[in-house]
Amino acid sequence: MPQQPHRVTLSPFPWRQNCAAAARLHRMASMRLTDWSSSSTTTSRLLPFSRTSNPARSYAVCPARRLLPMLPPNIASPVRLLTARRDFSASSVKAMMSVEACAKVIDGKAVAKKIREEIGAEIARMKSETGVVPGLAVILVGDRKDSATYVRNKKKACETVGIKSFEVCLPEDSAEQEVLKHISEFNDDPSVHGILVQLPLPSHMNEQHILNAVSIEKDVDGFHPLNIGRLAMRGREPLFVPCTPKGCIELLHRYNVEIKGKRAVVVGRSNIVGMPAALLLQREDATISIVHSRTRNPEEIIKQADIIIAAVGQPNMVRGTWIRPGAVIIDVGINPVEDAKSPKGYRLVGDVCYEEASKVASAITPVPGGVGPMTIAMLLSNTLTSAKRIHNLP
Ligand SMILES: Nc1nc2c(c(=O)[nH]1)N[C@@H](CN(C=O)c1ccc(C(=O)N[C@@H](CCC(=O)O)C(=O)O)cc1)CN2
């Protein structure tokens, strides 16, 4: 659950309103054209997406995405995570691009569910054959509602797949030493194979001290500097890769999006997502640019991308006009914006203006239901990997 919805009326980010206004205009344009076309033969015949060579031309008249059949993601076994590719069934993102100008929805929720099923089956087998049960310890400090929700969801996901979970919840004003003490205990506990400290930590705590204290062999978040360092180096292998960027790459693989040789732009340079995502894309032989708060002309750089990973935490920042037609968009942002129509008073939007982008891109993750669920699925995968490594299991 997000902390606080942004107040749209007081928005320091004018693109939020612009994005919504543009979407409204777009809908009006679509309606006008669709109404006009419906008096003729069929809408589809007047909207020649399959024939247009310029997706931008069809931008204003693109039919609803829901008319597209959802193609099932190809599901690989957990041991093939980050390696599965090119075995997508008959359909592919490329095929969709040639037929339609509307983006294919990359359904992270469905992929995450499938991954959980695969992990659950593997854990059940492992348990019956060896008696080993993977264990995950989560440390939560403070009373942020969103963090509490993520931790609850992690615990629930562990239950679903058969991972034993251990939880420590500490008050906001706890001493750093208290957190370090629990980490040390979990480091020494043989029934714990993965340890994570939910971020962000309260501001009085030194994140670096705390993340450094997690045993590298149990660092299922992949935030230990040794794991990040290995990720950055050629010829070195991290024991774990951070869950959100790993989930982004997994989605690209499972949707058969070619990464090698492509131009990829990562928007944002956080330690949790942007930086490791750029390192991972580089390992996949993409050519990377990182766009950040000091980048001049971010639109121009983003517009060159075949693949965009947006992880900047600014609602609707990346506009449709910034996107190269046919680009693939992975939107990591989860931003609450005020919405009087929603029962909660807010709704979640990504860093990319979905309504605009989905008319230009070839494939896009929704928010919610895109990268978010993959983060937890990758955590389960890392925990299983850790248990197998510690117990020397194949
Ligand atoms: N120690 C860590 N801290 C944090 C991480 C992390 O990977 N390790 N990532 C984020 C929070 N996070 C997991 O911890 C996380 C965020 C979002 C989701 C998710 O499923 N989001 C849903 C929407 C949820 C909602 O309704 O609020 C979605 O996008 O569909 C899962 C995990 C920061 N901290």
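About the criteria used
- Residues numbered from 1 in each chain as written.
- Predicted model: local features only at pLDDT ≥ 70, side-chain atom pairs only at ≥ 80, totals over all residues.
- Heavy atoms only, no water.
- Helix = DSSP H or I, 4+ residues; strand = E, 2+ residues; numbered from the N terminus.
- Contact = heavy atoms within 4.5 Å.
- Polar contact = N/O pair within 3.5 Å; in protein donor to acceptor, adjacent residues only side chain to side chain.
- Pairing = 2+ DSSP bridges.
- Axes fitted to C-alpha atoms, helices over the stretch in contact; angles between N-to-C directions.
- Buried < 20%, exposed > 50% of the residue type's maximum accessible area, 1.4 Å probe, protein only.
- Arc of directions from axis to C-beta.
- Right-handed = clockwise from strand over helix to strand, strands pointing away.
- UniProt positions renumbered as here; feature names shortened; annotations may be inferred.
- Near = heavy atom within 4 Å.
- Areas by Shrake-Rupley, 256 points an atom, 1.4 Å probe, with all protein chains shown as cover.
- Nonpolar A, V, L, I, M, F, W, Y, C, P; charged D, E, K, R; others polar.
- Domains from an automatic or database assignment.

1. Some details on the environment of S191
Here S191 lies in the loop between helix 6 (176–188) and strand 4 (194–197). Residues S191 and V133, 58 residues apart in the sequence, show an inter-C-alpha distance of 7.8 Å. Not counting residues within four places of it along the chain, the set of residues in contact with S191 comprises G135 and F166. In terms of polar contacts, S191 uses its side chain to reach the side chain of D189, at 2.7 Å.

2. A word on the environment of K218
Of note, K218 is situated in the loop between helix 7 (207–213) and helix 8 (225–232). C-alpha of K218 to C-alpha of A340: the two residues are 122 residues apart in sequence and 44 Å apart in space. If near-sequence neighbours (up to four positions away) are discounted, K218 is found in contact with F186, N187, D188, D189, V192, H193, G194, I195, F240, S386 and I390. From its side chain, K218 meets the backbone oxygen of F186 in a polar contact 2.9 Å long.

3. Quick word on the sheet that holds strand 3 (residues 164–170)
Remark on secondary structure: sheet strands pair via backbone hydrogen bonds, oriented parallel or antiparallel. Pairing is parallel in the open sheet, where three strands are placed in the order 3-2-4. Of all strands in the sheet, those bounded by a partner on one side alone are strand 3 and strand 4. Each strand axis lies, on average, 15° off the axis of its neighbour in the sheet, ignoring direction. Relative to strand 4, strand 2 (residues 135–141) runs parallel, the two being bridged by four bridges. The residue of strand 4 that forms the bridge with V138 is L196.

4. Digging into helix 8
Where helix 8 is concerned, the buried positions are N227, I228 and L231. Each buried residue of helix 8 lies within a common arc of 95° when the element is viewed along its axis, so the set occupies one face. Residues of helix 8 that are buried in the fold lie against helix 10 (274–283).

5. With respect to the sheet that holds strand 8 (residues 328–331)
What the six strands build is an open sheet, ordered 1-11-8-7-5-6; its pairing is parallel. Each edge of the sheet is formed by a strand with only one pairing partner; in this case those strands are strand 1 (104–105) and strand 6 (287–291). Pairing geometry for strand 7 (residues 307–310) and strand 8, over four bridges, is parallel. Within the sheet, the bridge partner assigned to I307 lies in strand 8 and is V328. Helix 10 contacts strand 5 (263–267), strand 6 and strand 7 of the sheet and is inclined by roughly 170° relative to strand 5.

6. Quick look at the pairing of strand 6
In terms of strand pairing, strand 5 meets strand 6 through five bridges, oriented parallel. Bridged to V265 within strand 6 is S289. Remark: the strand 5/helix 10/strand 6 crossover connection has right-handed handedness.

7. Brief notes about the UniProt feature "domain: Tetrahydrofolate dehydrogenase/cyclohydrolase NAD(P)-binding" (unreviewed entry) in the chain
The sites that carry the UniProt feature "domain: Tetrahydrofolate dehydrogenase/cyclohydrolase NAD(P)-binding" (unreviewed entry) are, in the present numbering, residues 242–389. This span, residues 242–389, is 34% helix and 19% strand, and a straight line between its end C-alpha atoms measures 17 Å.

8. Comments concerning the site of the ligand
Close to the ligand lie 18 residues, the nearest being K154, V197, L199, D221 and G369. The backbone of G369 places a nitrogen or oxygen atom 2.7 Å from an oxygen atom of the ligand. Within the backbone of G372, an N or O atom sits 3.4 Å from an oxygen atom of the ligand. The fraction of the free accessible surface of the ligand (680 Å²) that becomes covered by protein chains is 83%. If you list the elements that add at least two residues to the shell around the ligand, you get helix 5 (145–161), strand 4 and helix 13 (371–390). Per-element accounting of the shell around the ligand gives the leading share, four residues, to helix 13. Of the residues that constitute the shell around the ligand, the class distribution is twelve nonpolar, four polar and two charged. Residues from two domains meet in the shell around the ligand; each of domain 1 (131–215) and domain 2 (242–372) gives at least three.

9. Details of unusual backbone geometry
Residues L199 and P200 are joined by a peptide bond in cis, for which omega reads 0°. Mapping P200 onto the fold places it in the loop between strand 4 and helix 7. Residue P368 follows V367 across a cis peptide bond; omega there is 0°. Mapped onto the elements of the fold, P368 is located in the loop between strand 11 (363–364) and helix 13. Even without being a glycine, N256 presents a positive backbone phi close to 55°. Tracing the backbone through its elements, the reader meets N256 in the loop between helix 9 (243–254) and strand 5. One non-glycine residue with positive phi stands out, namely D285, at about 70°. You can see D285 is positioned in the loop between helix 10 and strand 6. Under the relative-accessibility criterion, D285 is labelled partly exposed at 41%.

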